[in-house]
Amino acid sequence: MLNIDLHCHSNISDGVLPPAELVARAAANGVQVLALTDHDDVSGLASAQAAAAAAGMTLVNGVEISVTWGGQTVHIVGLRIDPAFPALAEGLHGIRLGRIERAQRMGDDLARAGIAGAYEGAYDYATNKQMVGRTHFARWLVAQGHVPDTRTAFKRFLTRGHPGYVEHEWTTLENAVGWIRASGGMAVVAHPGRYAFNARQLHLFLDAFRALGGEGIEVITGSHHPSEYEKFAELARAFGLKASRGADFHAPGEGIDIGCLPPLPYYCQPVWQGWPELASHSSLS
Ligand code: AMP
Ligand code: MN
Ligand code: MN
Ligand code: MN
């Protein structure tokens, strides 16, 4: 069976491995086709492509775009995008500018809760200074001894109702899907199980996503408990969306490793069906 993993992060966003090391780890885990999907940034793709070519692996150009829809943050993965496409590049740049301002407000909010220096601390943890995110704050909170691990950091801080969480307006669903499609890519809903939508809201969201030209949804992801796979496979089928698979790998020892997920349920239509770059890999599934 083809080992394909279409969601992971390098240190260009909130992962810890540089793109080339991420590709090497994927290759060592038997991944044949990998998409690098950093948050709101595509600047890791060039070195990932070079490393993938050297390893005989196929690297799909990807991105994970932060969106606000219905008062919630949702993530839209773009696959087979053109990272040089101007509207996409400019749109992502705008999101990154918003991240810096947001990170300062997060730092201010933590300071009010008695934790000083968090913005500067998180900034130090970000390799890409335009891409400061909650994970960098979480890693800093761990290093400072405020919490034992990043999981706890997101339990006590950084999430709605806790210190360090600030409301933020990301881009629109229309922009994210539009930029992805205009650059030649396919838009995929990331980890649908993670959103605080009720069933009706989730259906409205998927209707809106489809109406804008969205085509896929993650079914097998590190963010879903195995007991949820079937539910999202059914949802994909009900909404006529293709199914994707990706670990959402960020760091060794955190969550599921790259390329180590179960296959899609047999009745799913994979997002990668018909991709010409897969022809070089012998057993297609
Ligand atoms: P941001 O885009 O800056 O809001 O950060 C979102 C990132 O934080 C996600 O992509 C995850 O990497 C991480 N994250 C969010 N919630 C959690 C959680 N409960 N546990 C661990 N990591 C989380
Ligand atoms: Mn992340
Ligand atoms: Mn995500
Ligand atoms: Mn992700």
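Source: prediction; values computed, not measured. The residue numbering used here restarts from 1 in each chain and proceeds along that chain's sequence as written. Chains and ligands are labelled by the order in which they are written, letters from A for the one and numbers from 1 for the other. Reporting of local features is limited, given that this is a predicted model, to residues whose pLDDT is at least 70; pairs of side-chain atoms are given and counted only at 80 or more, and all residues count toward the totals for whole chains, interfaces and linings. Values shown for side chains rest on all heavy atoms present in the structure; no hydrogens or waters enter the calculation.

J.: Tell me what's going on with the coordination of the manganese ion (ligand 4), and back it up with residues and numbers.
T.: For Na, K and Ca the donor cut-off is 3.2 Å; for every other metal, N, O and S atoms count as donors within 2.8 Å. Water does not enter the count, which can leave sites looking incomplete. Each protein donor to the manganese ion (ligand 4) is listed here as H7 (NE2), H9 (NE2), E64 (OE) and D248 (OD); together their distances run 2.0 to 2.2 Å. Each donor residue of the manganese ion (ligand 4) belongs to the same chain, and together they define the spacing H-x1-H-x54-E-x183-D. Here the manganese ion (ligand 4) and the manganese ion (ligand 2) are spaced 4.6 Å apart. On the criterion of sequence distance, the pair formed by E64 in strand β3 (residues 58–69) and D248 in the segment after β7 (242–246) is long-range, its members being 184 residues apart. By relative accessible area, which is 0% here, E64 ends up buried. Where helices and strands are cited, they refer to DSSP runs of H or I of at least four residues and of E of at least two residues respectively, numbered from the N terminus. Throughout this description, buried means an accessible area under 20% of the type-specific maximum (1.4 Å probe, protein chains only), exposed means over 50%, and partly exposed covers the range between.

J.: Explain the domain arrangement of the protein chain to me, and be specific about the residues and the numbers.
T.: The domain limits used here are those given by an automatic or database domain assignment. The domain architecture assigned to the protein chain consists of domain 1 (4–87 + 172–278) and domain 2 (93–156). Residue-level contacts link 15 residues of domain 1 with 10 residues of domain 2. Salt bridges are defined by distance alone: a side-chain nitrogen of Lys or Arg within 4 Å of a carboxyl oxygen of Asp or Glu. Run the count over domain 1 and domain 2 and you get three salt bridges. D41 serves as the salt-bridge partner of R96, at 3.4 Å between the closest nitrogen and oxygen. Pairs of N or O atoms within 3.5 Å make up the polar contacts considered here, provided that, within protein, one atom can donate a hydrogen while the other can accept it, and that residues adjacent in sequence are counted only when both atoms are side-chain atoms. Scanning the region where domain 1 abuts domain 2 turns up 10 residue pairs in polar contact (both at pLDDT 80 or more). Contacts are assigned to residue pairs that have any heavy atoms within 4.5 Å of one another.

J.: How would you explain the side chain of E218 if you had to name every residue and give the values?
T.: Checked against the element boundaries, E218 lands in strand β6 (residues 216–221). Think of it this way: Lys and Arg go in the positive column, Asp and Glu in the negative one, and His and the chain ends go nowhere. The side chain of E218 sits in the buried core without any salt bridge; R194 is the nearest counter-charge, 7.9 Å away. A polar contact of 2.6 Å, which involves the side chain of E218, links it to the side chain of H7. In terms of polar contacts, E218 uses its side chain to reach the backbone amide nitrogen of H191, at 2.8 Å. Ignoring any residue separated from it by four or fewer positions in sequence, one finds E218 in contact with H7, V77, V188, V189, A190, H191, P192, H224, F232 and S244.

J.: How would you explain the sheet that holds β3 if you had to name every residue and give the values?
T.: What the seven strands build is an open sheet, ordered β1-β2-β3-β4-β5-β6-β7; its pairing is mixed. Only two strands of the sheet have a single partner each, and these edge strands are β1 (4–5) and β7. Judged from the four bridges that link them, strand β2 (residues 33–36) and β3 form a sheet pairing that is parallel. Looking at β3, one finds that V33 is bridged to T58. Strands qualify as paired when DSSP identifies two bridges or more between them.

J.: How would you sum up the coordination of the manganese ion (ligand 3)? Please name residues and give values.
T.: Coordination of the manganese ion (ligand 3) by the protein involves E64 (OE), H75 (ND1) and H191 (NE2), with metal-donor separations of 2.1 to 2.2 Å. Donor residues for the manganese ion (ligand 3), ordered by position in the chain, follow E-x10-H-x115-H. In this model, the manganese ion (ligand 3) sits 5.5 Å from the manganese ion (ligand 2). On the criterion of sequence distance, the pair formed by E64 in strand β3 and H75 in strand β4 (residues 72–79) is long-range, its members being 11 residues apart.

J.: Describe the site of ligand 1, listing the residues and the values that go with them.
T.: In this text, near means that some heavy atom of the residue lies within 4 Å of the molecule or strand in question. Every residue close to ligand 1 is listed here: D14, H39, R99, R102, G133, R134, T135, F154, R194 and H250. Taking D14, its side chain carries an N or O atom lying 3.1 Å from an oxygen atom of ligand 1. In the environment of ligand 1, an oxygen atom lies 2.8 Å from a nitrogen or oxygen atom belonging to the side chain of R99. To be clear on the numbers: accessible area is Shrake-Rupley with a 1.4 Å probe, and residue cover counts the displayed protein chains and nothing else. Computed on the free molecule, ligand 1 has an accessible area of 500 Å², of which 78% lies beneath the protein chains in the complex. Listed by contribution, the elements that provide at least two residues to the shell around ligand 1 are α3 (86–112) and α5 (134–143). When residues are grouped by polarity, Ala, Val, Leu, Ile, Met, Phe, Trp, Tyr, Cys and Pro land in nonpolar, Asp, Glu, Lys and Arg in charged, and all others, Gly among them, in polar. Of the residues contributing to the shell around ligand 1, the split by class is one nonpolar, four polar and five charged.

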